[in-house]
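If you want the building blocks of each chain, they are given just below.
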Amino acid sequence: MGNLRSVSKAVEYLGAEVEVSNSDEKIAEAEKLIMPGVGSFGDGMKNLAEKDLISALHSAVISEKKPVLGICLGMQLFAEDGEEGGFHKGLGWVPGSVKKMEPGPDLKLPHVGWNDISQKEGNPLFQGLSKNPSFYFVHSYALECADPTFVSATCNYGGEFVAAVQKNNVFGLQFHPEKSQREGLRVLENFINM
Amino acid sequence: MLKKRLIPCILLKNGRCVKGTNFTNFRDTGNPVTTSKTYNSQNADELIFLDITATNEGREPSFDIIRSVADECFMPITAGGGVTNVRQIREYLLAGADKVSINTAAVENPPLIEEGASIFGSQCIVASIDARKKGDFYEVYTHSGTRSTGIDAIEWARKSAKLGAGEILITSIDREGTKQGYDIDLVKQVSDSVDIPVIASGGAGNLQHLVDVIVLGNASAVSLSYILNFTDQNLIKMKAYMKNAGIEVRDFKF
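Residues numbered from 1 in each chain as written. Chains lettered and ligands numbered in written order. Predicted model: local features only at pLDDT ≥ 70, side-chain atom pairs only at ≥ 80, totals over all residues.

Sorry if this is basic, but what is going on with the sheet that holds strand β3 (residues 81-82) of chain A here?
Sheets are built from strands paired through backbone hydrogen bonds, the pairs being either parallel or antiparallel. All names here are of chain A. Strands sit in the order β4-β3-β5-β8 across an open sheet of four strands; the sheet is mixed. Where the open sheet ends on each side, the last strands, each with one partner, are β4 (88-89) and β8 (141-145). In terms of strand pairing, β3 meets strand β5 (residues 96-100) through two bridges, oriented parallel. Note on β5: the bridge partner recorded for Gly 82 is Val 98. (Pairing = 2+ DSSP bridges. Helix = DSSP H or I, 4+ residues; strand = E, 2+ residues; numbered from the N terminus.)

Written out as structure tokens, the structure reads:
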């Protein structure tokens, strides 16, 4: 919802040009792509299909290798499939499935609030940040990545889960950089300046 | 680990920030956008905005102020005051709020919580409860603390959670603006009767008050107003103090 506005305002604040769009032409023209998203996996994929954007996204991200940043649901859609609201196929850019978190009886879902991540050294998105920066999370589902080499950060909430992934030009964040103050803006800035 | 949160609470009246005592005698405390930027730069974990006159004036909430703040402060925002329907919840969220707090309208029309939670998710709906101690129970007050309801605040908190609220903001009218410390008994009773996070509000005057309401009252977060406006404390000192007391707070690490 408001996430779209906050992401575009944050990118503007950092001095980059941004256009909010659901047109395949704009996707083809863009230098970089950001897929924000609040909502469910099934609805997200359905919307992409209905707006006929899936092939434009594949050609921008896979053929042309444009950097793409997925935020929250946007990142989850990069997976092969997801189980939210029934079984749905994802974009398949990152190996793995999106599943409901099971933090145990004492912890609530959604996982909401500030939590610290443990980042793998050397990821360009986290350049200039400490090893364990805190970010703002709001989610009940998480990506179970089939290949750990693509996991660039993890977080713990009744068990470890994927906080960030990267496969080549595909970057995904489970947390909301646009709501995570200076550290979040730094991540977005790193993406913009990549 | 999830952090305990420090949340400046900004009361809005005629487009300005105000602060009073026991919900009256309001004093002007500044411009909301400038104030928010200050708290943002001091690494506040979240901001709460309550338009305290919208309900009594029967007008639309101050969406514009939220929009202006969200355009400059990239942090979680809760907005409330005067929310009576789903359209207004949506408008607040589109303006850049992450959560919307509902107070009077939820008491008058409890299904609003349920409806809001089912459309936007529980994490978007905060049940804001203003309570005053009456003998051996806490009574819910609505309309910015001006109308008694006869409703038991602990019961109402439990019901709000059941209806789908994702968080409770519990304000002690007796302590609000008094710097006498939070009403720990009230906060603890609410925290122990719901399994959603509880934000303690009303009474913070010194740093130990913050620690006490988290440790003894089981609060997940503290709402801060008087202490930020009229004492020489700030968020940086608060976090350092809480950390020394063994409370997990968010550090700023660059």
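Here the narrative resumes, following the displayed structure.
Can you walk me through helix α3 (residues 41-50) of chain A in this structure?
Every α-helix winds through 3.6 residues per turn, so residues three or four apart in the chain are directed the same way. All names here are of chain A. Looking only at α3, the buried set comprises Phe 41, Gly 44 and Met 45. Down the axis of α3, the buried side of the element spans an arc of 90°, and every buried residue falls inside it. Residues of α3 that are buried make contact with α5 (73-76), β3, β4, β5 and β8. Looking at the residues trailing α3, positive phi occurs at Asp 52, about 60°. (Buried ≥ 20, exposed ≤ 12 C-beta atoms within 10 Å, placed from the backbone. Arc of directions from axis to C-beta. Contact = placed C-beta atoms within 7 Å.)

Looking at this structure, I do not really get the interface of chain A and chain B. What am I missing?
Quite often, the size of an interface is put as the accessible area lost when its parts meet. Opposite the 23 residues of chain A that make contact, chain B presents 24 residues. Looking at the side of chain A that touches chain B, the elements with two or more residues in it are α1 (2-13), β6 (111-119), β7 (134-139) and α6 (181-192) of chain A. Among the elements that line the side of chain A that touches chain B, the one with the most residues is α1(A), at five residues. Partitioned by chemical class, the residues of the side of chain A that touches chain B number ten nonpolar, eight polar and five charged. (Nonpolar A, V, L, I, M, F, W, Y, C, P; charged D, E, K, R; others polar.)

Explain the sheet that holds strand β1 (residues 33-35) of chain A to me, please; I cannot follow it from the model alone.
All names here are of chain A. Here we have seven strands laid out as an open sheet, ordered β1-β2-β11-β10-β9-β6-β7, and mixed in their pairing. Unpaired on one side and paired on the other, β1 and β7 mark the two borders of the sheet. Neighbour to neighbour, the strand axes of the sheet diverge by 30° on average, direction disregarded. Pairing of β1 with strand β2 (residues 68-71) involves three bridges; the strand directions are parallel. Residue pairing across strands places Leu 33 opposite Val 68, the latter belonging to β2. (Axes fitted to C-alpha atoms, helices over the stretch in contact; angles between N-to-C directions.)

Quick question: what am I supposed to make of the nonpolar core here?
One recurring pattern in soluble globular proteins: nonpolar side chains tend to sit buried together. Ranked by size, the top nonpolar core spans 136 residues in total, and within it Val100(B), Ile168(B), Ile170(B) and Val222(B) carry the most contacts. Excluding its chain neighbours within four sequence positions, the residues that come into contact with Ile170(B) are Ile129(B), Ala131(B), Ala157(B), Leu186(B), Val187(B), Val190(B), Val198(B), Ala200(B) and Ser201(B). (Core = buried A, V, L, I, M, F, W, Y, C linked by C-beta atoms within 7 Å.)

Before we go on, may I ask you to explain the pairing of strand β11 (residues 198-201) of chain B in this structure?
The side chains of a regular strand alternate between the sheet's two faces. All names here are of chain B. With burial as the criterion, each face of β11 is covered, one bearing Val 198 and Ala 200 and the other bearing Ile 199 and Ser 201. Across four bridges, the pairing between strand β10 (residues 167-172) and β11 is parallel. In the sheet register, Thr 171 faces β11, and the bridge partner there is Ser 201. In this structure, β11 lies alongside strand β12 (residues 221-224), joined through two bridges in parallel fashion.

Whenever I open this one, unusual backbone geometry confuses me. Can you help?
Negative phi is the rule for most residues except glycine; trans is the rule for most peptide bonds. The backbone of Cys72(A) sits at a positive phi, close to 55°, despite the residue not being glycine. Its place among the elements puts Cys72(A) in the loop between β2 and α5. Exposure remark for Cys72(A): the 24 C-beta atoms within 10 Å place this residue in the buried category. Here Asn25(B), not a glycine, exhibits a phi torsion of approximately 55°, which is positive. Here Asn25(B) is to be found in strand β3 (residues 24-30). The exposure class of Asn25(B) is exposed, given the 10 C-beta atoms found within 10 Å.

Which parts of the structure should I look at to understand the packing of helix α4 (residues 86-95) of chain B against helix α6 (residues 111-120) of chain B?
Relative orientation and spacing of two packed helices are given, respectively, by the angle between their axes and the distance between those axes. Residues and elements named next belong to chain B. For the pair α4 and α6, the least separation of the axes is 10 Å and the interaxial angle reads 45°. Overall, the two elements α4 and α6 adopt an arrangement that is oblique. Handedness of the crossing formed by α4 with α6: right-handed. Between α4 and α6, the contacting residues are Val 86, Ile 89 and Leu 93 on the first element and Glu 115, Gly 116, Ile 119 and Phe 120 on the second. (Parallel < 35°, antiparallel > 145°, perpendicular 65-115°, else oblique. Left-handed = near helix turned anticlockwise from the far one by under 90°.)

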